[in-house]
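Letter by letter, the chains look like this.
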Amino acid sequence: MFIEVQFSMYPIREAHISPFIQKAVNIIESFGLPVQVGPMSSITYGESATIFKAFDRIIEEFAGSTQFVLITTISNACPVDFSQNNPSSKSFL
(Lines give C-alpha, C1' and ligand atoms only; values in the text may rest on other atoms or scores of the structure.)
Protein backbone atom coordinates (compact mmCIF):
# COMPACT_ATOMS: atom_id res chain seq x y z
CA MET A 1 0.00 0.00 0.00
CA PHE A 2 1.32 3.44 -0.97
CA ILE A 3 1.29 5.96 1.90
CA GLU A 4 2.54 9.40 2.79
CA VAL A 5 3.91 10.21 6.25
CA GLN A 6 4.29 13.62 7.79
CA PHE A 7 6.67 13.38 10.73
CA SER A 8 8.38 15.54 13.34
CA MET A 9 11.40 14.42 15.36
CA TYR A 10 12.02 16.19 18.67
CA PRO A 11 15.14 15.16 20.57
CA ILE A 12 14.72 16.12 24.22
CA ARG A 13 17.40 17.73 26.38
CA GLU A 14 19.70 18.27 23.40
CA ALA A 15 21.39 21.61 22.75
CA HIS A 16 21.39 21.10 18.97
CA ILE A 17 18.52 19.29 17.26
CA SER A 18 19.63 19.54 13.62
CA PRO A 19 22.06 16.58 13.80
CA PHE A 20 19.26 14.35 15.09
CA ILE A 21 16.82 15.48 12.42
CA GLN A 22 19.47 14.97 9.73
CA LYS A 23 20.22 11.49 11.07
CA ALA A 24 16.51 10.59 10.86
CA VAL A 25 16.37 11.94 7.30
CA ASN A 26 19.48 9.96 6.36
CA ILE A 27 17.94 6.76 7.73
CA ILE A 28 14.75 7.27 5.74
CA GLU A 29 16.73 8.03 2.59
CA SER A 30 18.84 4.90 3.14
CA PHE A 31 15.65 2.91 2.54
CA GLY A 32 15.31 4.56 -0.87
CA LEU A 33 12.53 6.91 0.25
CA PRO A 34 12.40 10.60 -0.67
CA VAL A 35 12.22 13.18 2.12
CA GLN A 36 11.05 16.77 1.97
CA VAL A 37 12.24 18.62 5.09
CA GLY A 38 10.17 21.54 6.31
CA PRO A 39 10.61 24.01 9.16
CA MET A 40 8.23 22.16 11.52
CA SER A 41 7.80 18.71 9.97
CA SER A 42 9.00 16.56 7.11
CA ILE A 43 7.25 14.35 4.56
CA THR A 44 8.12 11.03 2.99
CA TYR A 45 6.13 8.60 0.89
CA GLY A 46 6.35 5.09 -0.46
CA GLU A 47 5.28 1.53 0.21
CA SER A 48 4.00 1.11 3.76
CA ALA A 49 6.26 -1.86 4.51
CA THR A 50 9.35 0.17 3.62
CA ILE A 51 8.14 3.22 5.54
CA PHE A 52 7.48 1.18 8.68
CA LYS A 53 10.91 -0.45 8.45
CA ALA A 54 12.55 2.97 8.13
CA PHE A 55 10.74 4.38 11.15
CA ASP A 56 11.46 1.24 13.15
CA ARG A 57 15.15 1.80 12.37
CA ILE A 58 14.91 5.44 13.51
CA ILE A 59 13.34 4.37 16.81
CA GLU A 60 15.99 1.70 17.36
CA GLU A 61 18.79 4.12 16.49
CA PHE A 62 17.64 6.89 18.81
CA ALA A 63 16.33 4.77 21.70
CA GLY A 64 19.83 3.94 22.89
CA SER A 65 21.31 7.42 22.59
CA THR A 66 18.73 10.10 23.39
CA GLN A 67 15.24 10.76 24.60
CA PHE A 68 12.90 11.88 21.85
CA VAL A 69 9.36 12.45 20.68
CA LEU A 70 8.46 11.25 17.19
CA ILE A 71 5.11 12.43 15.85
CA THR A 72 3.72 10.87 12.67
CA THR A 73 0.62 11.36 10.57
CA ILE A 74 0.04 8.57 8.06
CA SER A 75 -2.32 8.78 5.10
CA ASN A 76 -3.21 6.50 2.24
CA ALA A 77 -5.64 9.09 0.89
CA CYS A 78 -3.43 12.04 -0.01
CA PRO A 79 0.03 10.95 -1.09
CA VAL A 80 1.70 13.55 -3.30
CA ASP A 81 4.76 13.02 -5.47
CA PHE A 82 7.00 15.98 -4.65
CA SER A 83 9.95 14.65 -6.63
CA GLN A 84 8.97 16.95 -9.51
CA ASN A 85 10.35 19.90 -7.51
CA ASN A 86 13.43 17.94 -6.39
CA PRO A 87 13.43 19.54 -2.91
CA SER A 88 16.61 19.65 -0.89
CA SER A 89 16.22 17.58 2.27
CA LYS A 90 18.79 19.76 4.02
CA SER A 91 17.32 23.20 3.34
CA PHE A 92 15.77 23.74 6.77
CA LEU A 93 18.48 22.15 8.90
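The preceding data block contains the structure.
First things first, this report covers the structure right here in the doc. Note that this is a predicted model, so its numbers are computed, not measured. (Residues numbered from 1 in each chain as written. Predicted model: local features only at pLDDT ≥ 70, side-chain atom pairs only at ≥ 80, totals over all residues. Heavy atoms only, no water.)

Let us now look at the packing of helix α1 (residues 18-30) against helix α2 (residues 48-63). Look at α1 against α2: their axes get within 9 Å of each other, and the N-to-C directions meet at 140 degrees. Judged by the angle between their axes, α1 and α2 are oblique. For the crossing formed where α1 meets α2, the hand is right-handed. Across from Phe-20, Lys-23, Ala-24, Ile-27 and Ile-28 in α1, the residues of α2 making contact are Ala-54, Phe-55, Arg-57, Ile-58, Glu-61 and Phe-62. For the contact of α1 with α2, a count of residues per class yields eight nonpolar, no polar and three charged. (Axes fitted to C-alpha atoms, helices over the stretch in contact; angles between N-to-C directions. Helix = DSSP H or I, 4+ residues; strand = E, 2+ residues; numbered from the N terminus. Parallel < 35°, antiparallel > 145°, perpendicular 65-115°, else oblique. Left-handed = near helix turned anticlockwise from the far one by under 90°. Contact = heavy atoms within 4.5 Å. Nonpolar A, V, L, I, M, F, W, Y, C, P; charged D, E, K, R; others polar.)

Taken together, the side chains of Tyr-10, Ile-12, Met-40, Val-69 and Ile-71 present a nonpolar region at the surface, about 450 Å² in accessible area. Secondary structure elements with two or more residues in the nonpolar patch: β1 (2-12) and β4 (67-75). (Patch = residues over 30% accessible without salt bridge, like charges linked within 9 Å, V, L, I, M, F, W, Y side chains within 5 Å. Areas by Shrake-Rupley, 256 points an atom, 1.4 Å probe, with all protein chains shown as cover. Salt bridge = Lys/Arg side-chain N within 4 Å of Asp/Glu carboxyl O.)

Within this structure, the stated rule accounts for four aromatic pairs. A ring pair is formed by Phe-20 and Phe-62, whose centres lie 5.9 Å apart and whose planes are at 40 degrees; its orientation type is tilted. With a gap of 42 residues between them, Phe-20 in helix α1 and Phe-62 in helix α2 connect regions that are remote in the sequence. For the pair shown, Phe-20 and Phe-62 are each scored as buried. Grouped by ring-pair contacts, the aromatic residues Phe-20, Phe-62 and Phe-68 constitute a single cluster. (Phe/Tyr/Trp six-rings, centres within 6.5 Å; stacked < 30°, edge-to-face > 60°. Buried < 20%, exposed > 50% of the residue type's maximum accessible area, 1.4 Å probe, protein only.)

Counted under the stated rule, the structure contains two salt bridges. Measuring nitrogen to oxygen at the nearest pair gives 2.9 Å for the salt bridge that ties Lys-23 to Glu-61. Note that Lys-23 is positioned in helix α1 and Glu-61 in helix α2, a separation of 38 residues in sequence. Lys-23 sits in the partly exposed class, given a relative accessible area of 35%. Judged by relative accessible area, which is 24%, Glu-61 ranks as partly exposed.

Here the focus is the nonpolar core. Grouped burial of nonpolar side chains is what soluble globular proteins tend to show. Judged by nonpolar contacts, the single largest core of 18 residues is most densely connected at Ile-28, Phe-55 and Ile-58. Contributing elements (two or more residues each) for this core: β1, α1, β2 (35-37) and α2. Looking at this core, the element that brings in the most residues is α1, giving six residues. (Core = buried A, V, L, I, M, F, W, Y, C linked by side-chain atoms within 4.5 Å.)

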